[in-house]
Every structure is written in structure tokens, then in C-alpha cells.
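These are the residues of each chain, in order.
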Amino acid sequence: MVKVNLKGAEMFFKGNGPDYSAAAAAHKTLSEGTGAGSDFRGWLTIPEIIKETELDRIVKAAELIRSRSKALIVIGIGGSYLGARGAIELLRPIPAEDDPQVFFAGNGLSADYLNDILAKLGDKDFDVNVISKSGTTLEPAVSFRIFRELLAKKYGKDADKHIFATTDKARGVLKGLANENGWESFIIPDDVGGRFSVLTAVGLLPMAVAGIDVRKVIDCAIEEMKALDVRSPENPTWQYAAARQHLYQNGFGVEILGAYEPSFRFMAEWWKQLYGESEGKDGIGIFPASVEFTADLHSMGQYIQEGPRMLFESIVRFTKPLSKYAIPFDDADADGLNYVAGRDLSEVGAVAADAVKEAHISGGVPNIEIDLDSRDEAGFAALVCFFEVACGISGYISGVNPFNQPGVEAYKKNMFRMLGKPGAK
Ligand code: PA5
């Protein structure tokens, strides 16, 4: 389970500090379904449900893809791709020899990006997993049209066997097409919004194709969800949610999520959507940003240390590195580095993280530390459950509906009108 360490934030707390009674009330609202958006809490029980329903079929489909293809094109945007990408980059940053390459398409409208994927794909055998709950989102829909055409050219009448659709169980254009063409389909449940869907087929099928043990992810997530149901200030989701809301109330309006693993980058993107879309509404909300340490200390470090004092940091630390590498000794010591010779790289990294924490706190940046063991399936499941539950609690503490995203429609309306979509105003 994730551990939250608030020591580095405590000196910035005011009055009685984080309001755990508000966290308790918000947790009650979340679990009893008495708050706004309560129809979208299916993610709380999805690990158990998926295990009983689609998990076997997801694993089987992934095995088929792995056995016949060198690439999987995952088409989706926002909540329909960020979780899978976060998981794959975190757990499989460098694919093994036999792993199909996973390409993410349909998450933008760049012709250059698409052409780069096509160049890399070359004449490799490939499958497509198109993911869209609504089935009408322009970016993935356009991309899917392109890849369907490519599949038809490459596989002729067998093209349909290379398409896996993850979408609504009954509604939408994509579901209609899937039924019509006999594509194998997986369900995004009605009560699970896009940004909470990583533990459905949305995330699990691409993850399994990439070689991640999704059964282990789900088993760990089931245990994790139970563990996070404890109603006490010992609950790390209460600690995180109450602390960040308390800091927000006291002028810290920007949260920087940081980690010392480069492979964490897309988990941070996933987190940004989760918190940004859930909390940024009604004129309020913490702005979620992210950094990759130590790299960004050499670009953003100055701002964090000495810029306007409105930032707090939440730092994810993996306490048990998966591998070691001792820094070599050099007789000549021309680079003057023998003072770290023989020490493990991750041990030096941990010292650097402590040094950064101390410096940022003394510079006026509250620090929330989020510790977990390893960058593996269990660690991933723990993080996802932790951040999702904490997000629901935090959103209810702040008074918003954490499960809608009305603001996302504004650009779409303009874009459809400007593109001349029939009926668009
Ligand atoms: O969280 C959300 O609801 C959004 O990010 C959606 O997932 C995203 O807009 C994609 O929507 P759809 O899956 O309907 O194509």
C-alpha cells in the first residue's frame, strides 16, 4: 500500500491543519453514493467485476495479438489512452525482444506524428485497439478511419479480425460498427468515466499486449481497494486529500507531481487528467503540473526554489529499486568522482531526493511524499487505486462534482462548427 508522509508539509499547515472530519464526510459521500456524480463510481468495484467478466477474454485477445503481430496501434485520447500509456511506460519502458511495439495514435491531430508512426510501423504485422466510450471523439475517430483503411489494404477480408473495439456496451457509432463488422469488443461500463477507466479493458488490453501481468494488477487492485476503505486519518487517501485541500485553502494553488523515475512521465500525465478534470471547475481547483527529477531540477528547479510561493510538491518515491548499478572506481579520478565510487546509483539518487526535499521545503514549498515499494504490477495497482480514491475524496471535500467534465465540450463545439460538421452551431 502507498504510504503518505506529511512531515515536509506540516510546517506550512495553519490552525488545526488538514481537516480529517471533512475527509471522513467526503469518503462517506463517495462510498454511499450520496454526492454529485454518484452514477460514476463504478471504478471503486471494477477490479472485482472485471475479474469475473472480461479479464480472461482480455488476456486471450492479448495472447493472440502477441502471437501474430509485431505492433499494436492503440487509438484513443484522454482517459481512453493515458492510463495504458502510463502503465506501459512505467512497467515496460524498454520492450522485450518478443513484445509487440505499442503505438499510441488518435491522441491529437498531427499529420507528422501519424506519419512517424506509419514509418516506424513499416510492413510489420499489426492489430488495432480502438478505444472510445462515446465513439464520436474526432481525434480517435479520424485516426481509426486511417488505420482501418491500412488494415483493409494489408489483410483484405481478414482485416476485421485485426480490430478490437473498447467502447460502450450498447450505444454509439463505434459499438454499431463493431456489431456490424464482427469486431471483438470490450466494454467501458456506463458508471466508469474515461479518466477512471484504466483498470477496465481500456487499460488492460494494451497493457497485456505489452507483456504486463494484468491478472496480478487486478488481484493487487482488489486488495488495495479493500485496504483503502478504512475510515481513519491513517488512511493515506485521507492524508493526501485533506493535506492538498488544506494547502490549497492557504494559498498553494499549484501541485507539482514529481518522481525520480523517467518512466513515470506518463503516469504523471494520467494523474494530471485525473485531478485536473475532476477538480478544475466552478471557478476553483488545484492546478496539476508535473516534473521529472532529477532532470527538471536543471530546468524548473530555479522556479520551484525561488519563484512565487504558490506551489506544493507531491513526490512519488519507489523505495525498493528493481535493479542496481555501482558507480565505478577510477584510479586517476580525473573527474573527481571517487567520493561516490562503489555506491549504488539509486542510493545516490535517494540522497539527491532527500537533498531536494530539504532545499525545496526551506525555499517555501510544502512537500507531500508518496512512498511505495517497487515499480512493478503491485506498485502500479497501488498507485492507481490510491490516486483514484483520493481524487473522489478530495473533489468532494472541495465541493465539486468530481465525475463530470462539462468544460471539455467548449472547444469541440467551436471545432465542429469551424470544420463544417453537419448540424454543428
Ligand atoms: O475522461 C474523459 O472523460 C475524457 O478524457 C475522455 O476519456 C476522452 O475525451 C475520450 O472520450 P471517448 O472515450 O468518448 O472518445
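Residues numbered from 1 in each chain as written. Predicted model: local features only at pLDDT ≥ 70, side-chain atom pairs only at ≥ 80, totals over all residues. Heavy atoms only, no water.

1. Brief notes about unusual backbone geometry
- Here F293 and T294 are connected by a cis peptide whose omega angle stands at 5°.
- Turning to its location among the elements, T294 is positioned in the loop between β8 (287–292) and α13 (301–306).
- Backbone geometry places D282, a non-glycine residue, at a positive phi of 55°.
- Looking at the secondary structure, you find D282 in the loop between α12 (265–279) and β8.
- Positive phi outside glycine occurs at D333, with the angle close to 50°. (Helix = DSSP H or I, 4+ residues; strand = E, 2+ residues; numbered from the N terminus.)

2. Quick notes on the site of the ligand
- Not every one of the 13 residues close to the ligand is listed here, only the nearest: S80, S132, S134, T137 and Q273.
- In this structure, R195 approaches the ligand through a main-chain N or O atom, which is 3.1 Å from an oxygen atom.
- Between an oxygen atom of the ligand and a side-chain N or O atom of E277, the distance comes to 2.9 Å.
- Each residue belonging to the shell around the ligand can be placed in one class, and the counts come to one nonpolar, nine polar and three charged. (Near = heavy atom within 4 Å. Polar contact = N/O pair within 3.5 Å; in protein donor to acceptor, adjacent residues only side chain to side chain. Nonpolar A, V, L, I, M, F, W, Y, C, P; charged D, E, K, R; others polar.)

3. Remarks on the sheet that holds strand β2 (residues 71–75)
- A sheet is described by the order of its strands in space; here five strands give the open sequence β3-β2-β4-β5-β6, paired in parallel fashion. Two strands bound the open sheet, and with one partner strand each, they are β3 (101–105) and β6 (184–187). Each strand axis lies, on average, 20° off the axis of its neighbour in the sheet, ignoring direction.
- Along the sheet, helix α4 (residues 55–68) makes contact with β2, β4 (126–131), β5 (163–167) and β6, crossing β6 at roughly 135°.
- Contacting β2, β3, β4, β5 and β6, helix α9 (residues 201–209) runs over the sheet at an angle of about 165° to β4. (Pairing = 2+ DSSP bridges. Axes fitted to C-alpha atoms, helices over the stretch in contact; angles between N-to-C directions. Contact = heavy atoms within 4.5 Å.)

4. Some details on the packing of α4 against helix α10 (residues 214–227)
- Their axes nearest at 10 Å, the elements α4 and α10 cross at an angle of 155°. On the basis of their axis angle, the class for α4 and α10 is roughly antiparallel. When you trace α4 past α10, the crossing you get is right-handed. Contact with α4, carried on its side by L55, D56 and V59, involves V214, R215 and I218 of α10 and no other residues of that element.
- Partitioning the contact of α4 with α10 into residue classes produces four nonpolar, no polar and two charged. (Parallel < 35°, antiparallel > 145°, perpendicular 65-115°, else oblique. Left-handed = near helix turned anticlockwise from the far one by under 90°.)

5. Section: the side chain of S232
- Locating S232 in the fold gives a position in the loop between α10 and α11 (236–249).
- Separated by 2.8 Å, the side chain of S232 and the backbone nitrogen of E234 make a polar contact.

6. A word on the packing of α12 against helix α15 (residues 377–398)
- Axis separation between α12 and α15 bottoms out at 10 Å; the angle between their running directions is 15°. The angle between α12 and α15 falls in the class roughly parallel. Crossing hand, α12 versus α15: right-handed. Every residue of α15 that contacts α12 at M267, W270, W271, L274, Y275, S278 and E279 is listed here: F380, V384, F387, E388, A390, C391, S394 and G395.
- Class assignment for the residues of the contact of α12 with α15 results in ten nonpolar, three polar and two charged.

7. Brief notes about α9
- Among the nine residues in α9, nine count as buried, and that is most of the element.
- Within α9, burial applies to A201, V202, G203, L204, L205, P206, M207, A208 and V209.
- Where α9 ends, the next residue or the one after it, G211, has phi of about 100°, a positive value. (Buried < 20%, exposed > 50% of the residue type's maximum accessible area, 1.4 Å probe, protein only.)

8. Some points on the nonpolar core
- Ranked by internal contacts, the top residues of the largest apolar core, which has 93 residues, are L199, Y240, F264, V316, I368, F380 and F387.
- With 13 residues, the single largest contributor to this core is α15.
- In this structure, L199 is in contact with I46, P47, I50, L204, V217, I218, A221, F380, V384 and C385, ignoring residues within four places of it in sequence.
- In terms of nonpolar packing, the next biggest core, distinct from the first, is built from 21 residues, L114, A159, A165 and L174 among them. (Core = buried A, V, L, I, M, F, W, Y, C linked by side-chain atoms within 4.5 Å.)

9. Section: the environment of R343
- Among the structural elements, R343 can be located in the loop between β9 (311–318) and α14 (345–362).
- Judged by its relative accessible area of 33%, R343 falls in the partly exposed class.
- Each C-alpha atom, one on R343 and one on A241, is 37 Å from the other, the two residues being 102 residues apart in sequence.
- Apart from the residues lying within four places of it in its own chain, the contact partners of R343 are Y325, A326, I327, V348 and V351.

10. A word on the environment of F104
- Looking at the secondary structure, you find F104 in strand β3.
- What makes F104 buried here is its relative accessible area of 6%.
- The sequence separation of F104 and N129 amounts to 25 residues, and the corresponding C-alpha distance is 9.8 Å.
- Excluding residues within four positions of it along the chain, F104 makes contact with V74, Y81, A84, R85, I88, Y113 and I117.

Geometric values such as these leave the question of function open.
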